[in-house]
Number of protein chains: 2
Amino acid sequence: MPRIPDERPLSPQPGIIDELRRRLPTASVLSTPAELAPYECDGLTAFRQRPMVVVLPETVEQVQTVLRLCHAARVPVVARGAGTGLSGGALPLEDGVLLSLARFNRILHIDPDNGTARVQPGVRNLAITEAAAAHGLYYAPDPSSQIACSIGGNVAENSGGVHCLKYGLTVHNILRLTLIGIDGELFEVGAEALDSPGLDLLALMTGSEGMLAVIVEITVKLLPRPERAQGLLAAFDSVERAGAAVARLIASGITPAGLEMMDNPAIRAAEAFVHAGYPEDAAAVLICELDGFNAEVSFEVMRVRELLLDAGATEVRTARDDAERLNFWKGRKAAFPAVGRLSPDYYCMDGTIPRRELATVLKRIEALSEHYGLRVANVFHAGDGNLHPLILYDANVPGELDKAEDFGGDILELCVQVGGTVTGEHGVGVEKLNQMCVQFDSDELTQMHAVKAAFDPHGLLNPGKAVPTLHRCAEFGAMHVHHGELKFPELPRF
Amino acid sequence: MPRIPDERPLSPQPGIIDELRRRLPTASVLSTPAELAPYECDGLTAFRQRPMVVVLPETVEQVQTVLRLCHAARVPVVARGAGTGLSGGALPLEDGVLLSLARFNRILHIDPDNGTARVQPGVRNLAITEAAAAHGLYYAPDPSSQIACSIGGNVAENSGGVHCLKYGLTVHNILRLTLIGIDGELFEVGAEALDSPGLDLLALMTGSEGMLAVIVEITVKLLPRPERAQGLLAAFDSVERAGAAVARLIASGITPAGLEMMDNPAIRAAEAFVHAGYPEDAAAVLICELDGFNAEVSFEVMRVRELLLDAGATEVRTARDDAERLNFWKGRKAAFPAVGRLSPDYYCMDGTIPRRELATVLKRIEALSEHYGLRVANVFHAGDGNLHPLILYDANVPGELDKAEDFGGDILELCVQVGGTVTGEHGVGVEKLNQMCVQFDSDELTQMHAVKAAFDPHGLLNPGKAVPTLHRCAEFGAMHVHHGELKFPELPRF
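Residues numbered from 1 in each chain as written. Chains lettered and ligands numbered in written order. Predicted model: local features only at pLDDT ≥ 70, side-chain atom pairs only at ≥ 80, totals over all residues. Heavy atoms only, no water.

- Per an unreviewed UniProt entry, the recorded name for chain A is FAD-binding protein, and the organism is Thiohalocapsa marina.
- In its Cofactor (unreviewed entry) section, UniProt records this for chain A: "FAD". (UniProt positions renumbered as here; feature names shortened; annotations may be inferred.)

**Description of the overall build of chain A**
Here comes step 1: A tally of regular secondary structure across chain A gives 17 helices and 18 strands.
Here comes step 2: In terms of overall size, chain A behaves like a compact globule, its C-alpha atoms giving a radius of gyration of 23 Å where 494 residues would be expected to give roughly 23 Å.
Here comes step 3: Taken over the C-alpha atoms alone, chain A extends approximately 70 × 60 × 45 Å along its principal axes.
Here comes step 4: Buried positions account for 62% of the 494 residues belonging to chain A.
Here comes step 5: Pairs at least 24 apart in sequence give 72% of the contacts found in chain A among residues at least 6 apart.
Here comes step 6: On chain A, roughly 18000 Å² of surface is accessible, and the fraction owed to carbon and sulfur atoms is 51%.
Here comes step 7: Of the side chains in chain A, 43 bear a positive and 64 a negative charge, and the two mean positions are spaced by 3 Å. (Helix = DSSP H or I, 4+ residues; strand = E, 2+ residues; numbered from the N terminus. Rg over C-alpha atoms; globule rule 2.2 N^0.38 Å. Buried < 20%, exposed > 50% of the residue type's maximum accessible area, 1.4 Å probe, protein only. Contact = heavy atoms within 4.5 Å. Areas by Shrake-Rupley, 256 points an atom, 1.4 Å probe, with all protein chains shown as cover. Lys, Arg positive; Asp, Glu negative; His and termini not counted. Charge placed at Lys NZ, Arg CZ, Asp CG, Glu CD.)

**Focus on the sheet that holds strand β18 (residues 386-393) of chain B**
Within a sheet, neighbouring strands are paired by backbone hydrogen bonds and run either parallel or antiparallel to one another.
Residue and element names in this part refer to chain B.
Here comes step 1: Taken together, the seven strands give an open sheet; going across it, the order is β15-β12-β14-β13-β17-β18-β16, and neighbouring strands pair in antiparallel fashion. Of all the strands in the sheet, just β15 (315-318) and β16 (345-348) have a single pairing partner and so form its edges. Strand-to-strand twist across the sheet, computed as the mean angle between neighbouring axes with direction ignored, equals 15°.
Here comes step 2: Pairing of strand β17 (residues 376-381) with β18 involves six bridges; the strand directions are antiparallel. When the sheet's bridge partners are listed, F380 is paired in β18 with L387.
Here comes step 3: Strands β13 (258-263), β14 (284-292) and β17 of the sheet are contacted by helix α9 (residues 264-274), whose axis makes an angle of about 95° with β13.
Here comes step 4: Sitting on the sheet, helix α13 (residues 358-372) is in contact with β13, β17 and β18, with an inclination near 155° to β17. (Pairing = 2+ DSSP bridges. Axes fitted to C-alpha atoms, helices over the stretch in contact; angles between N-to-C directions.)

**Overview of the environment of N462(A)**
Residue and element names in this part refer to chain A.
Here comes step 1: Tracing the chain through its elements places N462 in the loop between α16 (442-455) and α17 (470-482).
Here comes step 2: Judged by relative accessible area, N462 falls into the buried class, the value being 2%.
Here comes step 3: Not counting chain neighbours up to four residues away, the residues in contact with N462 comprise V77, V78, G89, E209, G210 and M211.
Here comes step 4: A distance of 2.9 Å separates the side chain of N462 from the backbone oxygen of E209, its partner in a polar contact. (Polar contact = N/O pair within 3.5 Å; in protein donor to acceptor, adjacent residues only side chain to side chain.)

**Focus: the pattern of salt bridges**
Residues and elements named next belong to chain A.
Here comes step 1: Overall, the coordinates contain 46 salt bridges over all chains when judged by the stated rule.
Here comes step 2: Its salt-bridge partner being E58, residue R103 comes within 3.2 Å of it at the nearest N-O pair. Remark: E58 occurs in the loop between β2 (53-55) and α3 (60-73) and R103 occurs in the loop between β4 (97-100) and β5 (107-111); sequence separation between them is 45 residues.
Here comes step 3: Across the salt bridge formed by E188 and R176, the nearest N and O atoms sit 2.7 Å from each other. Of the two residues, E188 is situated in strand β9 (residues 186-190) and R176 in strand β8 (residues 174-180); the sequence distance between them amounts to twelve residues.
Here comes step 4: Salt bridges linked by common partners bring E19, R22 and R23 together as one network. (Salt bridge = Lys/Arg side-chain N within 4 Å of Asp/Glu carboxyl O.)

In structure tokens:
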């Protein structure tokens, strides 16, 4: 494997701000403290850093100009969409340029015959669906932040959402990207076809967290809007039973559009907040959505209802109408802010596990909760094993933030230990760098750095995110030993 | 963009065969002309080259040994599965080692609870489905060669099949790969989860045609076997109407498990060969398969039948039973050998186009057929726009092979011109190198070479395949000018 240096060699030239001002419109360069403040963090607000300068280019040529200047001056660049990311992928660098794509907010073309749309990266996720609605089409991936988050950020993080069980992640719903490399060169990856010849750079770019190139245009797939969507809500008196029901449902061959689980603390918090009519004494609820043609949905609802009752559900409700279906979702969608009312702060994790490990992992999380003395509420995309434990803490109590971070780290390492991964849909960013050291060995991380270097030899695009340096992993390993034991010294690889 | 040298610097050491003999079991090293002969081509038999030596390792350690020796001696290595590939991806090099994975033929583990199987790369595609059948599961991608082709080759070429419209290509049906790099290091990519953190090396590896690493283990997804599969056969009096019917069917929101089209020459050839009862005077037939739960399939059959008649089908047959369904497929599956009976030789192309361009492209192919004086029969995966024109020629007539190749090249360039790609599921190999120059510009090809170099800095893994050198593209461009005009001088990029 090629060797990659651990340190980013930097000698930023202070003249870059003046140069940017000379080359871009006045309103496109921000550098006063008041102007910079809104950019100091993304959705992971625990990490904050004011950038050296913010640029808001309006054209492809201006993005090329910015990148060429940064390349020549060896100044790092962090691209930013709507800033809703939850792993700190858009956290600025003190000595870097923050490149906002907010002004790339146009839907360029909708092709209803082929079911595609060409859009700029700053377009909001939901705006694509709104624009496609006139043709009976929609864009499937729906992160919780879809009102606000941008499609460029979705591509950078390979975002999911409650419907990704049936419709896939962002990578399964895009066809083509236009990108600008760190040297300012424009290039395209992908094709309007199932596959693109040569190396699959489209998938490589998706989820690469701004480390390889800057996205300036995206062709997405649009799907026909289903004739009907039907909601079910099932209550269980144990989390194990709910987990087993999920496994049986998936094994039956039915793929729900969404299949979400909430545990009792999450149910109580949501119910107190939005009064969705959830059974407050249930140990777990499943919210299941089935979509498709009316006749097919009718059949599947019957089948799923039988299956859930047979799997031990104490109650299965079938939404009488769309209003009741939306009510089932209301609690789930409000779960994060609802939990926010229980505690001054919470920390949202995003691990993925094989479905069969659901019950085991929840038990271990409960034990960790007692160990750290921090409450936890669990909300997750049960169908694809993507957990979102919400760790409750109070940042004003000295030491609680650190404890919450350690707790979160333990949860992610547990996910890896049972054969899962440290992130499902939020990306690694700065948040999960240490856990990447647990998931990948040094050869595997080195290979990722080598691929990054093939696009960005000087390490200027979002350095320090997504893939940890070996130096950092060595330090993290040492920290674990310092705690008295190497927690997961020999993870079984197979 | 980094610059990549155009030429592969080689100084092979003649001692490598002796060294391989010392380090591997006797029966694992083949070097006499008789032993080498079976390896001189894959399924693209027009290209033949005897390798310097063939190795058939039996263990991961032996593969590591082979790669370390080749790396140290700077000897190129071509990996080979079952040798059924249609683009020459496993064509040996005169001065290279041919590394056969044929002895990696074990299914290591089936996990019915999680719907996964761990297999070695030499396992036949169909053998996975056979082994999973006891659990009511199957492996979805089904290339025509599935009786013979190996799963490792499927991953290397990102193979499809008649069911990839609904179930995706190989990349959508695998979870994890264990690989050995050119330096002999073992590494893993992917995870048993929807997404894997960091760069998506799993997708990058899939379809990389042996250029990045050698696959030694694969974790595939298994799906529940559908309760029912139902076939329909629709006849049309024009290819345009059949194409329009395909577009309407997809736009309706129904995703058939398979949706295939054959034109009149293909229909006649197949009917004469297997007597499937096809309507021989139809301009085109569509074969549509719907699968899922019985109740859902019943609904969809009714809906599709109505839709096809409404779209102008002159006849729609619904298979009365599974025997009749298989009979519908019999002609389609026999199309290649059937066409082979019409002509001493045929050349199978594999372009992909946006569905809306189906009728236009077929008209242009007809015009090219007249221009070259070579007959053509069209068989294709209509649902995903993947064409397989079969060009009929006689290799014993001087000049006909060259004409067939030029004709094929023109078809692929036409695919690119209408917004498609030069390969759907057969890979680029050596066959479509020139057309890659049409699809990608020099920056894009250079970027692919840079990614290859991040894995294989000395260019030893399957050099000369899949991604053309810029030198070759320059020569190819020059050749086009020599014909009197640059055929597609300014392809519209959007």
